[in-house]
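Here are the chains, one letter per residue:
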Amino acid sequence: MLDPRLLRNELESTAEQLARRGFVLDVARLAELETRRKQLQVDLQELQNQRNSRSKEIGKAKAAGQDIQPLLEEVADLGDRLKQAQEDLSSVQQELSQISLGVPNLPQADVPQGEDESDNREERRWGDPPEFAFAPKDHVDLGSAPGWMDFEAAAKLTGSRFVVLSGPLARMHRALIQFMLDMHTTEHGYTEAYVPFMVNADSLYGTGQLPKFGADLFALQGEQEYYLIPTAEVPVTNLVRDVIVDDAYMPRKWVAHTPCFRSEAGSYGKDTRGMIRQHQFEKVELVQAVRPEDSEQALEDLTGHAEAVLQRLGLAYRVVTLCTSDLGFSSAKTYDLEVWLPGQGQYREISSCSNFRDFQARRLKARWRNPQTGKPELLHTLNGSGLAVGRTLVAVMENFQQADGSIRVPEALQPYLGGLQVLE
RNA sequence: GGAGAGAUGGCCGAGCGGCUGAAGGCGCUCCCCUGCUAAGGGAGUAUGGGUUAAAAGCCCAUCGAGGGUUCGAAUCCCUCUCUCUCCGCCA
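In this report, we go over the structure that sits alongside the text. Predicted model, so just to flag it, every value in this text is computed and none were measured.

Rules and cut-offs
Residues numbered from 1 in each chain as written. Chains lettered and ligands numbered in written order. Predicted model: local features only at pLDDT ≥ 70, side-chain atom pairs only at ≥ 80, totals over all residues. Heavy atoms only, no water. Phe/Tyr/Trp six-rings, centres within 6.5 Å; stacked < 30°, edge-to-face > 60°. Helix = DSSP H or I, 4+ residues; strand = E, 2+ residues; numbered from the N terminus. Buried < 20%, exposed > 50% of the residue type's maximum accessible area, 1.4 Å probe, protein only. Axes fitted to C-alpha atoms, helices over the stretch in contact; angles between N-to-C directions. Left-handed = near helix turned anticlockwise from the far one by under 90°. Contact = heavy atoms within 4.5 Å. Nonpolar A, V, L, I, M, F, W, Y, C, P; charged D, E, K, R; others polar. Patch = residues over 30% accessible without salt bridge, like charges linked within 9 Å, V, L, I, M, F, W, Y side chains within 5 Å. Areas by Shrake-Rupley, 256 points an atom, 1.4 Å probe, with all protein chains shown as cover. Salt bridge = Lys/Arg side-chain N within 4 Å of Asp/Glu carboxyl O. Lys, Arg positive; Asp, Glu negative; His and termini not counted. Charge placed at Lys NZ, Arg CZ, Asp CG, Glu CD. Pairing = 2+ DSSP bridges. Near = heavy atom within 4 Å. Polar contact = N/O pair within 3.5 Å; in protein donor to acceptor, adjacent residues only side chain to side chain.

Counted by the stated rule, this structure contains seven aromatic pairs. Note on F329 and F359: the rings are 5.7 Å apart at their centroids and 80 degrees apart in plane angle, and the pair reads as edge-to-face. Taken together, the residues span a long stretch of sequence, with F329 in the loop between β10 (317–321) and β11 (333–341) and F359 in helix α12 (residues 359–364) at a distance of 30 residues. Residues F329 and F359 agree in their burial class; the two are buried. Taking 5.1 Å as the distance between ring centres and 70 degrees as the angle between the ring planes, the aromatic pair formed by W340 and Y347 counts as edge-to-face. Within the aromatic cluster, the residues linked to one another by ring pairs are F213, F329 and F359.

Two numbers describe how helix α8 (residues 167–186) lies on helix α13 (residues 389–399): the axes approach to 10 Å, and their chain directions differ by 115 degrees. In the crossing of α8 with α13, the sense of the turn from one axis to the other is right-handed. Residues L169, M172, H173, L176, I177 and M180 of α8 lie in contact with α13, whose contacting residues are V389, G390, T392, L393, V396 and M397. Of the residues assigned to the contact of α8 with α13, the class counts are nine nonpolar, three polar and no charged.

Another point: a negative patch on the surface. A cluster of acidic side chains, namely E115, D116, E117, D326 and E349, defines a negative patch on the protein surface. Tracing the chain through its elements places E117 in the loop between α5 (78–101) and β1 (121–126).

In terms of burial, strand β8 (residues 252–261) is largely enclosed, as seven of its ten residues are buried. The pairing of strand β4 (residues 191–193) with β8 spans three bridges and is parallel. Opposite A193, over in β8, you have A256 as the bridge partner. Where β8 lies against strand β9 (residues 280–290), ten bridges are found, and the strand directions are antiparallel. Each bridged residue has a counterpart across the sheet, and for A256 the counterpart in β9 is E285.

With that settled, consider the protein's contact with RNA strand B. The local shell around RNA strand B holds 20 residues, among which R8, K38, Q48, R51 and S55 are the closest. Here the atoms of RNA strand B within 4 Å of the protein split so that 67% fall in sugar or phosphate, with bases taking the remainder. Between RNA strand B and S55, the relevant distance is 2.8 Å, taken from a base nitrogen to a main-chain nitrogen or oxygen of the residue. K62 places a side-chain nitrogen or oxygen 3.1 Å from a base oxygen of RNA strand B. Secondary-structure elements contributing two or more residues to the surface near RNA strand B are α3 (27–63) and β13 (366–369). Counting residues per element, the surface near RNA strand B draws most heavily on α3, which supplies 14 residues. Class assignment for the residues of the surface near RNA strand B results in five nonpolar, seven polar and eight charged.

Let us look at the sheet that holds β4. Within the open sheet, the eight strands sit side by side as β1-β10-β11-β12-β15-β9-β8-β4. Their pairing is mixed. Bordering the open sheet on either side are β1 and β4, each of which pairs with just one other strand. Pairwise comparison of adjacent strand axes, ignoring direction, gives a mean angle of 25 degrees for this sheet. This element, α8, spans β4, β8, β9 and β15 (380–388) of the sheet and lies at about 5 degrees to β9. Its contacts with the sheet place α13 against β9, β11, β12 (346–357) and β15, and it is angled at close to 40 degrees to β15.

Below is the structure:
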């Protein structure tokens, strides 16, 4: 959510910034609602003030043993007027909040203007895509041949866009998770968190998945309105919801491994083959809550932490800054890490690192106490995948494949596989 | 799943229809006193919002959440959520 003051006092310039990402703000409607809100709120508060002071008079008169009947008559219609004023105000407020919940974050000034992903700006590349003396296979062929990757079985158990891994591949998948968690906790200063994989609607509003993107979520049937998490960002970032963090505890840095569940309605037909786009996948997620003045640097650091995983594994990748139209709803700036996939002959997203500035924090009421002022202020939140485990597995398979279909184990990963050097 | 108890400010804890945004204590901050430490005295110490160019001031809201009764609700009624205790069941 944007600062309501922006929508009150700097409506025009806010609309211009939103237009950069292709969002049309209904300026006239907002201005009108805002004017009404102001008047209704003043009126209501005036009535409440009257009620309070009158009630106190009645209390005093009664205590003094006076006849309160005349006083009661004076306030007879106050209740009705109050009720009416409350209804008027709350209907305007409801409409205002509905609008503002649907307004995306302002893109940071250094985010490139663009129409689609082709306008994303490449920042840097690391590593060279491997050269093969044979035609490299994709992960589906590599995994299916020895029977380690079974999409048919998953389709039987559940449906399309799921996978069953077995044997050494399942083990490597698990090893990747351990490897990433260890790196981030011991080398990058994150605190490991284990969190619920189901969350309530409040949490999804807090991080911005609701109300706009409910179609992408799996909602549970049952008495409780629970949802499967689409990313660990939701439970972990919500740790600071309704919290005022003491300065001594800033910044907060968490890493969490969770499964992620996405219904991805509307994206059918895209990446139907293989493990790239699944309804269920594992992710090791980095989340930070930082002082506002630190968030831009924190995004660079966090992105570097995700990059470090790829570097340690020896996977070639590039970093792109998402252009204005590719930016996620809540994000002010996002770097995507794209890993080289020989099976596809292109770079594919494996991590997305975003600075949300105070956008999520405002919804979350996530604050810190600024020692300069002694007052609570909204903090800034960030997150990034460090990394998407399924896609990392795919990348390792395709980049480390050998002519006979076996897969070398990256050196950094070998300790996590009991010293195993090749999957065969 | 069954039975009961509870939810108040940073914490503990009163209040059970009217000058209570909330006694008292602890903690914290500042000041005074005291030749160390300790003790003592005083003041302050929630959050959001409105009004304002801003501040001060004034006003409104908030005692788990939402609704209701009332001129007036932390206090009464209803619904929900969460916590604790006992029993059952279990990983």
